[in-house]
Amino acid sequence: MEKSQKIYCEVESCRFNKDGNMCNLKEIQVKPIWEDVNVEEADESMCASYEKEEK
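The structure reproduced in this document is the subject of the present report.

Quick notes on the rules
Residues numbered from 1 in each chain as written. Predicted model: local features only at pLDDT ≥ 70, side-chain atom pairs only at ≥ 80, totals over all residues. Heavy atoms only, no water. Helix = DSSP H or I, 4+ residues; strand = E, 2+ residues; numbered from the N terminus. Buried < 20%, exposed > 50% of the residue type's maximum accessible area, 1.4 Å probe, protein only. Contact = heavy atoms within 4.5 Å. Polar contact = N/O pair within 3.5 Å; in protein donor to acceptor, adjacent residues only side chain to side chain. Salt bridge = Lys/Arg side-chain N within 4 Å of Asp/Glu carboxyl O.

Here we take up the environment of Ile7. Relative to the helices and strands, Ile7 resides in the segment before β1 (17-18). Residue class for Ile7 comes out partly exposed when judged on its relative accessible area of 24%. Sequence separation of Ile7 and Lys26 is 19 residues, and the distance between their C-alpha atoms is 9.2 Å. For Ile7, the contacting residues outside a window of four places in its chain are Asn21, Met22, Cys23 and Ile28.

Quick look at the side chain of Asn17 now. Mapped onto the elements, Asn17 comes out in strand β1. Within the structure, the side chain of Asn17 is placed 3.2 Å from the backbone oxygen of Val11, a separation counted as a polar contact. Setting aside chain neighbours within four positions, we find Asn17 in contact with Cys9, Glu10, Val11, Glu12 and Met22.

Attention now moves to the pattern of salt bridges. Any two side chains of opposite charge can pair if their charged atoms end up close together. Inspection of every chain in the model, using the stated rule, returns 1 salt bridge. Residue Arg15 is joined to Glu51 by a salt bridge in which the shortest nitrogen-to-oxygen separation is 3.4 Å. Taken together, the positions of Arg15 in the segment before β1 and Glu51 in the segment after β4 (45-47) put the pair 36 residues apart, joining distant regions of the chain. What makes Glu51 partly exposed here is its relative accessible area of 37%.

This is how it looks when you write it as structure tokens:
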């Protein structure tokens, strides 16, 4: 039996955000945050699949 994983997202400006809290992509790409963002730990990451919603 195949399990389905849910991805919750609160980034409302992303075109893949559905109903304000769900990501409707089948999969996402995650990448490390680089030095241009102030982070506590070097392994902190961000969603690389983000695309700005066109209104």
